[in-house]
Amino acid sequence: MAGVRTATTKAVTYAPQVEKIPLLPGNNFHDDPFNRSTLRKSHGLGKAPTQQDYVPPTEYSHAAHPLGYDPPLRKVKETSDDIQRRWASFDDPYTFMGYFKEPVAESATESYRLRKVAITYYKNDKTLQIREAKTHNSGMMTSVHGGGPLLVRRHVVYDVDATPLDLEDLQIGEEFECYGKVFRILACLGKTREKLQAEGWSVPSDQPFPHEEDLHAKANAIRMQMKGVRQLHSDDMDVKRQAEFAVVGRYSKLHPDAVRGTIQFLGAEGSRHLTYNAYWDDRDTPRGDLHMVVIKYYPEDDTFEVCEKKQVNSGRDGGSKLMCRQRLAKDRQAVRPQHNTFGHKIQYGYLTAGDIKIGETYSIHEKDFFVYDADQFTREWYKKQLGVALPAPVDVEGVLKKHAGGGPVRHYPPAHDGWGTDEDSLGSWKRLMLKPLQKDVGKLLREGHKVLRYRAVLETQQHPSDAERNFVLNYYIATGEYEIIESHARNSGIISGKFLGKTVLHRTDEETGEKVRLSEADLGVGRVVHILGRDFRLMEIDTRSQKFIDGVENDPEPAEVKALVVLLKDLLNQHHETLAGAVRVMATKGKVTVADLEKFFAAHNRPVTRREAKTIISLFDSSGVGYIEFNDFVRMMEYESSQNLDAAANRAAAITLHEVLPAHDTLHDVQSRALAQRQLYERTIRLLRDRLLQRRMKQQEIYRVMAGKQTDSKLDIREFKYGLKHILHLQLSSQEEEILIGALFGSKLKVTFSEFSTFLEGINDM
């Protein structure tokens, strides 16, 4: 459409018709790329020169559209035929293989090099792309698609006669020039050959690559096969290279060893490694164990890595890597330490894959590892790379069974350093988080009152006065502690009292040589006990301590036995209705034994001692056989004519004290009762004295208040009891009243004021 180009105005005087864009603000395309005069060379895209009389199709006057413009509301959907025609226009490219010669100016061995290329031709737009073939270890970067570097990007390439290159110029055996390089086509892909033949082209056969002309490749092959031995040590080579750089400003060429190291690194399959199964047996040491490990060998740099295969619940924390990746010397003493700065490593004297064999033991950092198997990949690698077949795995079931049957590793505590007790010191060895020492509360409650007392003397005298020294050795059964008290000796010059505080003592076992506790079994009359460098001979033991040793407890109090019998009757009445039912539950084989009583009371949360159970049995055992028969059980319940226990429980006949007391009292029992009576007397007298001091009354006032009702002005027993209870308000038991009456009246029935005053003065002096 021809017309006159108009200037841009704010008013809409045109409508874009070709692009079918709605007539909206912003759809004003003034910058026309087809008529732009400032285009760069790369922006031309090979288009024709600018047309002077060209009118852009995006800007028109209203005169060209008298009826206005009504754009479609939505884009017209493309049909399947349109899509097929559009995709058919994009033909598959044609791919050819060839090479070009690159001149080498500064070389005495070659004047050119052959570089292989792949030529891709696109027929639909007559564009061409040239990519160099990928060459292994060439040092040139590859493209993102995995091929060689891109030499010529896709665009239209013109021949010398200014015509675009086409398929006629790209034939096998032909040459064409592109950017000063002459490319020769040698072959094409099979798909390209089939396509050209289908189009009627005559396609020649593929031509071989001229290897005889590739002098550079031949030189590289010869250079890679060179095997030299480094004449200088790595450290000396470093010094040599530094001297060369200081003189001429450059380093000498790489040694063949360095080249081979690079080939080894590049030829390895990534991070693939060889795997060997081994074990490290360290059970000979005190805290050793059997460690199953995996030894990994990396062929790329001849390094080893050792990882442990930890068993479930093995108790070991931390990572499984025993040794980080590093090279291992065959002989650590012979291999000289390496300190180089140029990345070169010592090639000889270190373990490689060829040195590792199944069934051999290798020392790794002074630890012996036995290799007994390898995985399948390692065996195939040995066959392929070394031509060696590894032997069959070594049977290690015996070692594993021995390890499994040996039980857990025993750990022994260190020797005591002398600070604190052994138990306290062992707390920091047994656990990381310290906890206070746990006490056996049950044992303290049961045996806290038991103390064994011995009279002891020094077996060996360091001074003549030691022969007259006497000691009391106390052993506390509940805690296992010892205490030594020195007896007082007049004019001896030695301070009596505590000779050794409470502590736990140890002795050395003669058989094992271990340090064990000094226990109750090590004590006895006549024995010599070694305590902290001094020998003590035990001369005698007191009566109460002997009872503890013999297992004979003190006789129970009569009141306790009476309470137990009443409790037994109440429990039987609550849980059983008949005597027969009670006997069946309590008795075993028709009789009630000591064990039956202990079991019965323990079941009702009232445990009794064996001594108390024996006392109850002996109380009702009429035949003296040591157990209660049915008739004795009925007599114990005190109701023979009824099968109901209610009456017996209601009566609860009292058991007098003389029935429970043994027939004869020992000297110890008599002394104990006398001491208890003395303590009760003193406590009662002090109670009366304290109450009189609280009232702050004179002796005349106290006597007048108590004996004021008597005509003869004497105080009798009845008035004294009344005064204690109602005037002094003392809550005394009958036994305590009898003690005060006996102390004041004696055998008299009445006392005078002078006798009462003497009694009060006597209790004030106590």
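Residues numbered from 1 in each chain as written. Predicted model: local features only at pLDDT ≥ 70, side-chain atom pairs only at ≥ 80, totals over all residues. Heavy atoms only, no water.

### Some remarks on the overall build of the protein chain
Phase 1: Assigned secondary structure in the protein chain consists of 22 helices and 22 strands.
Phase 2: By residue count, 31% of the 766 residues in the protein chain fall in the buried class.
Phase 3: Intrachain contacts of the protein chain at a sequence separation of at least 6 include 53% that bridge at least 24 residues. (Helix = DSSP H or I, 4+ residues; strand = E, 2+ residues; numbered from the N terminus. Buried < 20%, exposed > 50% of the residue type's maximum accessible area, 1.4 Å probe, protein only. Contact = heavy atoms within 4.5 Å.)

### Side note on the sheet that holds strand β6 (residues 181–188)
Strand pairs in the sheet, formed through backbone hydrogen bonds, run parallel or antiparallel to each other.
Phase 1: The strand order across the open sheet formed by six strands is β4-β3-β2-β1-β6-β5, and the pairing between neighbours is antiparallel. The open sheet has two free edges, formed respectively by β4 (150–155) and β5 (175–178), since each of these has just one partner strand. Sheet twist, expressed as the average angle between the axes of neighbouring strands with direction ignored, equals 30°.
Phase 2: Direction of pairing for strand β3 (residues 127–132) relative to β4: antiparallel, over a ladder of three bridges. Looking at the pairing, R131 lines up with L150 of β4.
Phase 3: Contacting β1 (94–103) and β6, helix α2 (residues 190–198) crosses the sheet at an angle of about 115° to β1. (Pairing = 2+ DSSP bridges. Axes fitted to C-alpha atoms, helices over the stretch in contact; angles between N-to-C directions.)

### A short note on the sheet that holds strand β7 (residues 274–281)
Phase 1: The strand order β10-β9-β8-β7-β12-β11 describes an open sheet built from six strands, whose pairing is antiparallel. For this open sheet the edge positions go to β10 (321–326) and β11 (361–364), each flanked by a neighbour on one side alone. Within the sheet, the average angular offset between the axes of one strand and its neighbour, ignoring direction, is 30°.
Phase 2: One ladder, built from three bridges, connects strand β9 (residues 303–308) with β10; its direction is antiparallel. Bridging from a neighbouring strand, C307 pairs with K321 of β10.

### A few points about the pattern of salt bridges
Phase 1: Within this structure, the stated rule accounts for 21 salt bridges.
Phase 2: For D373, the salt bridge identified is with R379, shortest N-O distance 3.1 Å.
Phase 3: Under the relative-accessibility criterion, R379 is labelled buried at 15%.
Phase 4: The structure contains a network of salt bridges with shared partners spanning D466, R469, E486 and R534. (Salt bridge = Lys/Arg side-chain N within 4 Å of Asp/Glu carboxyl O.)

### Quick notes on the packing of helix α11 (residues 558–575) against helix α15 (residues 630–637)
Phase 1: Axis separation between α11 and α15 bottoms out at 11 Å; the angle between their running directions is 100°. The orientation of α11 relative to α15 falls into the category roughly perpendicular. When α11 is examined against α15, the residues L568, K569 and L572 are found in contact with a partner set consisting of F633, M636 and M637.
Phase 2: Partitioned by chemical class, the residues of the contact of α11 with α15 number five nonpolar, no polar and one charged. (Parallel < 35°, antiparallel > 145°, perpendicular 65-115°, else oblique. Nonpolar A, V, L, I, M, F, W, Y, C, P; charged D, E, K, R; others polar.)

### Topic: unusual backbone geometry
Phase 1: Residues other than glycine seldom take positive phi values, yet N491 does so here, at roughly 60°.
Phase 2: Within the secondary structure layout, N491 lies in the loop between β15 (481–486) and β16 (497–503).
Phase 3: Backbone geometry places L532, a non-glycine residue, at a positive phi of 50°.
Phase 4: The topology assignment puts L532 in the loop between β19 (528–531) and β20 (534–541).
Phase 5: On the basis of relative accessibility, which here comes to 65%, the residue L532 falls in the exposed class.

### Here's the deal with the packing of aromatic side chains
Phase 1: Enumeration according to the criterion identifies 15 aromatic pairs in this entry.
Phase 2: The interplanar angle of 45° and the centroid separation of 5.0 Å between the aromatic rings of Y297 and F304 together place this pair among those described as tilted.
Phase 3: Residue F304 is classed as buried on the basis of its relative accessible area of 1%.
Phase 4: For the pair W381 and Y382, a centre-to-centre distance of 5.8 Å together with 75° between the ring planes defines the contact as edge-to-face. The same class applies to W381 as to Y382, namely buried.
Phase 5: In this structure, K195 is placed above the aromatic ring of Y94, and the distance from its NZ or CZ to the ring centre is 4.6 Å.
Phase 6: Its end group placed over the ring of F377, R272 keeps NZ or CZ at 3.9 Å from the ring centre. (Phe/Tyr/Trp six-rings, centres within 6.5 Å; stacked < 30°, edge-to-face > 60°. Lys NZ or Arg CZ within 6 Å of the ring centre and 35° of its normal.)

### Section: helix α19 (residues 699–707)
Phase 1: For α19, the complete set of buried residues consists of I702, Y703, M706 and A707. Buried residues of α19 fall within an arc of 105° about the axis and therefore sit on the same side. (Arc of directions from axis to C-beta.)

### Some words on the nonpolar core
Phase 1: Among the nonpolar cores identified, the biggest contains 26 residues, and L568, L572, M586, L597, I616 and F633 are the most heavily contacted of them.
Phase 2: Elements with a contribution of two residues or more to this core: α11, α12 (579–586), α13 (594–603), α14 (610–620) and α15.
Phase 3: The element contributing the most residues to this core is α11, with six residues.
Phase 4: Aside from chain neighbours lying at most four places away, what touches I616 is V561, L564, V565, L597, F601 and I628.
Phase 5: If you look at the next biggest cluster of nonpolar residues, it comprises 23 residues, including A278, I295, V306 and I356. (Core = buried A, V, L, I, M, F, W, Y, C linked by side-chain atoms within 4.5 Å.)

### Description of the side chain of D522
Phase 1: Relative to the elements of secondary structure, D522 occurs in the loop between β18 (515–517) and β19.
Phase 2: Within the structure, the side chain of D522 is placed 3.1 Å from the side chain of R507, a separation counted as a polar contact.
Phase 3: Contacts of D522, omitting those with residues within four sequence positions, involve R507, R517, R527 and V529. (Polar contact = N/O pair within 3.5 Å; in protein donor to acceptor, adjacent residues only side chain to side chain.)

### Quick word on the confidence of the model for the protein chain
Phase 1: For the protein chain, the mean per-residue pLDDT works out to 76, and 74% of the residues sit at or above 70.
Phase 2: Here helix α17 (residues 657–660) stands out as the least confident element of the protein chain, with mean pLDDT 36; strand β14 (residues 471–476) is the most confident, with 94.
Phase 3: Confidence drops under pLDDT 50 across residues 43–48; counting only partners more than four residues distant or on other chains, this segment forms zero contacts. (pLDDT = per-residue confidence, 0-100.)

### A look at the pairing of β6
It is a general feature of regular strands that their side chains alternate between the two faces of the sheet.
Phase 1: As paired elements, β1 and β6 share five bridges and run antiparallel to each other. Across the sheet, residue F96 finds its bridge partner in β6, namely C188.
Phase 2: Looking at chain direction, β5 and β6 are connected through four bridges and run antiparallel. From the neighbouring strand, F176 faces β6, where its bridge partner is F183.
Phase 3: Where β5 folds back on β6, the antiparallel hairpin that results is connected by two residues, among which Y179 adopts a positive phi of roughly 55°.

### A look at the pairing of β3
Phase 1: Extensive coverage of β3 is indicated by the burial of six of its six residues.
Phase 2: Here β3 shows no split at all, with T127, Q129 and R131 on one side and L128, I130 and E132 on the other all buried.
Phase 3: Note: strand β2 (residues 112–122) against β3, six bridges, orientation antiparallel. Bridge pairing in β3 links Y122 to T127.
Phase 4: What sits between the antiparallel neighbours β2 and β3 is a turn of four residues, in which K126 has the positive phi angle 60°.

### What to know about the state of the cysteines
Phase 1: Under the definition given, this model contains zero disulfides.
Phase 2: Here C307 is not disulfide-linked; the sulfur of C324 is the nearest cysteine sulfur, at 8.9 Å.
Phase 3: Taking relative accessible area as the criterion, C307 reaches 14% and is therefore assigned buried. (Disulfide = S-S within 2.5 Å.)

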